[in-house]
Amino acid sequence: MTPQVPVYLMTFEMALRPFVVAIGLGLIWMGAARMEGSARSRYGTAGALSVALIVWLAGAQFLGSSNAYRATGEDAVPTVLLGLLIPLMVAAAGMWSSQRIASLVLAIPLPWLVAAQAYRVGGGIFLVLWADGRLPWQFALPAGIGDVTTGCFAVIVATLLAQTSHRAVSAAYSWSLFGIADLVVAVAMGGMTSPGRVHVLAHDAPNLLISSYPLVMVPTFAVPLALMLHGIVLWQLRQKIGSTSRLATA
């Protein structure tokens, strides 16, 4: 069954996507400007990461618009998980295998990394779609409320970090763990409310939009990007605490 995609959803996604990509590119080049090394090394790494981001976006858009992830029945394999997990595995492999990539992401200012996820307020579209009768509440409510909460608190936590508040590190940890939990719950509920082998909820009104273009760009681009940003935040916090502990010991 092919779901009817409302015009406002297409308009919203087309407006939000370039904004999210601009955030990603901005963080990359911000890190390049601050990392150690020659200009050729720094900006070469940033250029490669920028190309990778654009290629990933183009690939996700092509596969999504080609209905590559659309579930066709209750016995369908949730292939959308591949669109989520593969970018995460590639990003993790890149950071662990390349010192230059690791240096760049560690050089991105922590407050900006956190503030970048203000775009998560766009998850409020799930609530709009639920109110419009196009998404089941079991998915839309936790995903929408969790995303809006994460996006709003991103600004508060980033401000605390920028002001070097004594509560900043604990707030950043709590915010990041909440944001990750929100994404995990959203992915799980998306699977359980959509046609496929794990479909156990919302049988009367299944979640058809989440595997259809353009909303499929959420699990195949926006969610992996958010998880990457959370991972970098936690990595930087660990480095920050480790440096503080070493200074205290000395």
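As the structure is a prediction and not an experimental result, all values here were calculated from the model. Position labels on residues start from 1 in each chain and follow its written sequence. Totals for whole chains, interfaces and linings use every residue, but because this is a predicted model, local features are given only for residues with pLDDT of at least 70 and side-chain atom pairs only at 80 or more, for both listing and counting. Note that the side-chain values use all heavy atoms of the structure and ignore hydrogens as well as water.

Give a description of helix α7 (residues 137-162) that names residues and reports values.
Going along the chain from the N terminus, every DSSP run of H or I of four or more residues is numbered as a helix, and every run of E of two or more is numbered as a strand. To estimate how far a helix should extend, the number of its residues minus one is multiplied by 1.5 Å. Compared with the 38 Å implied by 1.5 Å per residue over 26 residues, the 37 Å span of α7 between its first and last C-alpha is a close match. The angle between axes fitted to the seven-residue stretch ending at a residue and the seven-residue stretch beginning at it gives the bend at that residue. When the local axis directions of α7 are compared, the greatest deviation, roughly 25°, occurs at Ala154. Phi turns positive one or two residues past the end of α7, at Thr164, with a value near 50°.

Provide a residue-level description of the layout of surface pockets, including the pertinent values.
Both cavities and pockets are sets of points on a 1 Å grid over the protein atoms alone; in a cavity a 1.4 Å probe fits but cannot get out, in a pocket the set is open with protein on both sides within 12 Å along at least five of seven lines, and lining residues sit with an atom within 4 Å of a point. Grid points are joined across faces, edges and corners, and a volume is the space filled by probe spheres set on the points. Computed from the structure, the largest pocket encloses a volume of approximately 720 Å³. For the largest pocket, the lining is made up of 46 residues, of which Ile210, Leu215, Val218, Pro219 and Val223 are closest to its centre. Those elements giving two or more residues to the lining of the largest pocket turn out to be α1 (7-34), α3 (80-97), α6 (124-131), α7, α8 (168-192) and α9 (217-249). Going through the elements one at a time, α1, α2 (39-65), α3, α4 (99-107) and α9 are the ones with two or more residues in the lining of the second largest pocket. Ranked by the residues each element gives to the lining of the second largest pocket, the list is headed by α3, at six residues. Each residue is assigned to one class: nonpolar for Ala, Val, Leu, Ile, Met, Phe, Trp, Tyr, Cys and Pro, charged for Asp, Glu, Lys and Arg, and polar for all the others, Gly among them. Broken down by class, the residue content of the lining of the second largest pocket amounts to 20 nonpolar, two polar and no charged.

Let's hear about the packing of α2 against α4: which residues, and what values?
The N-to-C vectors of α2 and α4 enclose an angle of 90°; their axes lie 10 Å apart at closest approach. Relative to α4, the element α2 lies roughly perpendicular. Across from Ser41, Arg42, Thr45, Ala46 and Leu49 in α2, the residues of α4 making contact are Arg100, Ile101 and Leu104. Taken together, the residues of the contact of α2 with α4 break down into four nonpolar, two polar and two charged. Axis definition: a line fit to C-alpha positions, over the contact stretch in the case of helices; interaxial angles, taken between N-to-C directions, run 0 to 180 degrees. An angle counts as roughly parallel when it lies under 35 degrees, as roughly antiparallel when it exceeds 145, as roughly perpendicular when it falls between 65 and 115, and as oblique in every other case. We call two residues contacting when some pair of their heavy atoms lies within 4.5 Å.

With reference to specific residues and values, describe the packing of aromatic side chains.
Each pair of aromatic rings taken from Phe, Tyr and Trp, with Trp reduced to its six-membered ring, is defined by centres within 6.5 Å and is described as stacked if the planes are under 30 degrees apart, edge-to-face if over 60, and tilted in the remaining cases. Taken as a whole and assessed by the stated rule, the structure comprises four aromatic pairs. Ring centres 5.9 Å apart and planes at 15° place the aromatic pair Trp29 and Tyr43 in the stacked group. In this pair, Trp29 is assigned in helix α1 and Tyr43 in helix α2, connecting sequence segments 14 residues apart. Taking 5.1 Å as the distance between ring centres and 70° as the angle between the ring planes, the aromatic pair formed by Phe126 and Phe139 counts as edge-to-face. Within this pair, whereas Phe126 is found in helix α6, its partner Phe139 is found in helix α7, the two being separated by 13 residues in sequence. There is no split in this pair, since Phe126 and Phe139 are both buried. Exposure categories follow from relative accessible area, calculated using a 1.4 Å probe and restricted to protein chains: below 20% of the type maximum is buried, above 50% is exposed, and the middle band is partly exposed.

Lay out the environment of Ala60 with the relevant residues and their values.
If you trace the backbone, Ala60 turns up in helix α2. Given the relative accessible area of 5%, Ala60 is considered buried. A sequence separation of 110 residues divides Ala60 from Ser170, and the C-alpha atoms of the two residues are 35 Å apart. Contact partners of Ala60, with chain neighbours within four places excluded, come to Met217 and Thr220.

How would you sum up the nonpolar core? Please name residues and give values.
Leu104, Leu113, Val114 and Phe221 are the most contacted members of the largest nonpolar core, which has 46 residues in total. Of all the elements in the fold, those that place two or more residues in this core are α1, α2, α3, α4, α5 (110-115), α7, α8 and α9. Element by element, the count of residues in this core is highest for α9, at 10 residues. Apart from residues no more than four positions distant in its own chain, Leu113 is found in contact with Leu27, Ile108, Leu229, Ile232, Val233 and Gln236. We define a nonpolar core as any set of buried Ala, Val, Leu, Ile, Met, Phe, Trp, Tyr and Cys residues linked to one another through side-chain atoms lying within 4.5 Å. Residues Leu135, Ala186, Met189 and Leu209 belong to the second largest nonpolar core, which totals 13 residues.

Describe in detail the pattern of salt bridges, supporting the description with residues and values.
For this document, the term salt bridge refers to a Lys or Arg side-chain nitrogen within 4 Å of an Asp or Glu carboxyl oxygen. For the structure shown, the criterion picks out four salt bridges. For the salt bridge of Asp147 with Arg120, the shortest nitrogen-to-oxygen distance reads 2.9 Å. A residue pair is termed long-range when its members are at least 10 positions apart, and Asp147 in helix α7 and Arg120 in the loop between α5 and α6 qualify at 27 residues. Here Asp182 makes a salt bridge to Arg120, at a shortest N to O gap of 2.9 Å. Taken as a pair, Asp182 in helix α8 and Arg120 in the loop between α5 and α6 lie far apart in primary sequence, 62 residues in all. Judged by relative accessible area, which is 6%, Asp182 ranks as buried.

Treat this as a map of the structure, not an account of what it does.
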